[in-house]
Amino acid sequence: MASKQHQYPVEVVWTGNHGTGTKTYQGYGRDHEVRVAGKPVIAGSSDAAFRGDGSKHNPEDMFVAALSSCHMLWYLHLAAVAGVVVTAYHDEAVGTLDESGTQGRFTEVVLRPTVTATADSDPKRAVSVHEDAHHACFLANSVNFPVRCEPRIVIESV
């Protein structure tokens, strides 16, 4: 099978110049915008722990959200194929970053999706589809740390 390549152009524009650029470490803002043509702009900053604006999304937030979203989209697709009728999906994902000096790296991301499915859906199949989604997720396949999934399945009552 021939491979397909997809590209995802993204602009990141620094908006944190307070008039003196990066003359001092404390003197500039970490604010930036993430721009993708035809889509809403995302206001970003660094995490408050790294002198950023805690009210804006930071790269670490978006990284964990990307892994969670990728898993969810694959799960919904594979659930539909498997006959699991999902009526709600809510994930409370958590990423763990280990910071050592000036370096840091994610050591794991744990996905904790709660999936609600119709009464005629097979709960065991609803759980097993998560494993299939994990193996299909492009982003989980691209990272060098574990992405664990701890799903909870809720079957609607008749």
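*Asks:* Mind showing me how you'd approach the pairing of strand β5 (residues 94-100) here?
*Replies:* Put simply, side chains in a regular strand alternate between the two faces of the sheet. Bridge analysis of β5 against strand β6 (residues 103-111) gives 7 bridges, and the strand direction is antiparallel. Its bridge partner lying in β6, Leu 97 is registered against Phe 106. Hairpin geometry of β5 and β6 is characterised by an intervening segment of 2 residues between the two adjacent antiparallel strands and by a positive phi of about 65 degrees at Gly 101.

*Asks:* Explain the packing of aromatic side chains here, please?
*Replies:* The way to describe two aromatic rings as a pair is by their centre distance and the angle between their planes. Tallied over the entire structure, the rule returns 7 aromatic pairs. Measuring from ring centre to ring centre gives 5.0 Å for Phe 63 and Phe 106, while their planes differ by 45 degrees; the resulting arrangement is tilted. Here Phe 63 is found in helix α1 (residues 59-82), whereas its partner Phe 106 is found in strand β6, with 43 residues between them in sequence. Among the aromatic residues, those joined into a cluster by ring pairs are Trp 14, Tyr 25 and Tyr 28. One Lys or Arg, Arg 30, reaches over the ring of Tyr 25 and ends 4.6 Å from the middle of that ring. The ring of Tyr 28 carries Arg 30 above its face, with NZ or CZ at 3.8 Å from the centroid.

*Asks:* What am I meant to see in the sheet that holds strand β2 (residues 32-35) here?
*Replies:* Backbone hydrogen bonds hold the strands of a sheet together, and the pairing may be parallel or antiparallel. An order of β1-β2-β3 is seen for the 3 strands of this open sheet, with the pairing classed as antiparallel. Taken across any chain shown, the strands that pair with only one partner, and hence form the sheet edges, are β1 (11-14) and β3 (42-44). In this sheet, adjacent strand axes meet at a mean angle of 25 degrees when their direction is disregarded. Summarising the sheet, β1 and β2 pair through 4 bridges and their orientation is antiparallel. Its bridge partner lying in β2, Trp 14 is registered against His 32.

*Asks:* Just checking my understanding: could you explain the packing of α1 against helix α2 (residues 123-136) for this structure?
*Replies:* Any two packed helices are characterised by how steeply their axes cross, that is the angle between the axes, and by the distance between the axes. One can describe the packing of α1 onto α2 by two numbers: an axis separation of 8 Å at closest approach and a directional angle of 130 degrees. By the angle between their axes, α1 is oblique relative to α2. Between α1 and α2 lies a crossing of right-handed hand. On the side of α1, the interface is formed by His 71, Trp 74, Tyr 75, Leu 78, Ala 79 and Ala 82, while α2 contributes Arg 125, Ala 126, Val 129, His 130, Asp 132, Ala 133, His 134 and Ala 136. Residues of the contact of α1 with α2, tallied by class, amount to 9 nonpolar, 3 polar and 2 charged.

*Asks:* Looking at this structure, how should I read the pattern of salt bridges?
*Replies:* Where charged atoms of side chains with opposite charge meet at close range, the side chains can pair. In this structure the tally under the stated criterion is 7 salt bridges. Asp 53 serves as the salt-bridge partner of Lys 56, at 4.0 Å between the closest nitrogen and oxygen. The class of Lys 56 is partly exposed, set by a relative accessible area of 25%. On the basis of relative accessibility, which here comes to 27%, the residue Asp 53 falls in the partly exposed class. Several salt bridges share partner residues, and in doing so they unite Glu 108, Arg 112, Arg 148 and Glu 150 into one network.

*Asks:* Help me out: how do you make sense of the layout of surface pockets in this one?
*Replies:* The gaps of empty space that remain are located by a probe, the size of a water molecule, rolled over the atoms. Here the largest pocket is characterised by a volume of approximately 470 Å³. Lining the largest pocket are 16 residues, with Ala 66, Leu 67, Ser 69, Cys 70 and Leu 139 sitting closest to its centre. Along the lines of polarity and charge, the residues of the lining of the largest pocket split into 11 nonpolar, 4 polar and 1 charged. In terms of lining, the second largest pocket is formed by Tyr 8, Pro 9, Val 10, Val 34, Val 36, Lys 39, Pro 40 and Ile 42. In terms of residue class, the lining of the second largest pocket is made up of 7 nonpolar, no polar and 1 charged.

Definitions and limits used
- Residues numbered from 1 in each chain as written.
- Predicted model: local features only at pLDDT ≥ 70, side-chain atom pairs only at ≥ 80, totals over all residues.
- Heavy atoms only, no water.
- Pairing = 2+ DSSP bridges.
- Helix = DSSP H or I, 4+ residues; strand = E, 2+ residues; numbered from the N terminus.
- Phe/Tyr/Trp six-rings, centres within 6.5 Å; stacked < 30°, edge-to-face > 60°.
- Lys NZ or Arg CZ within 6 Å of the ring centre and 35° of its normal.
- Axes fitted to C-alpha atoms, helices over the stretch in contact; angles between N-to-C directions.
- Parallel < 35°, antiparallel > 145°, perpendicular 65-115°, else oblique.
- Left-handed = near helix turned anticlockwise from the far one by under 90°.
- Contact = heavy atoms within 4.5 Å.
- Nonpolar A, V, L, I, M, F, W, Y, C, P; charged D, E, K, R; others polar.
- Salt bridge = Lys/Arg side-chain N within 4 Å of Asp/Glu carboxyl O.
- Buried < 20%, exposed > 50% of the residue type's maximum accessible area, 1.4 Å probe, protein only.
- 1 Å grid on protein atoms, 1.4 Å probe; cavity = no way out; pocket = protein on both sides within 12 Å on 5 of 7 lines; lining within 4 Å.
- Points joined across faces, edges and corners; volume = space filled by probe spheres on them.

Purely spatial values, then, with no claim about function.
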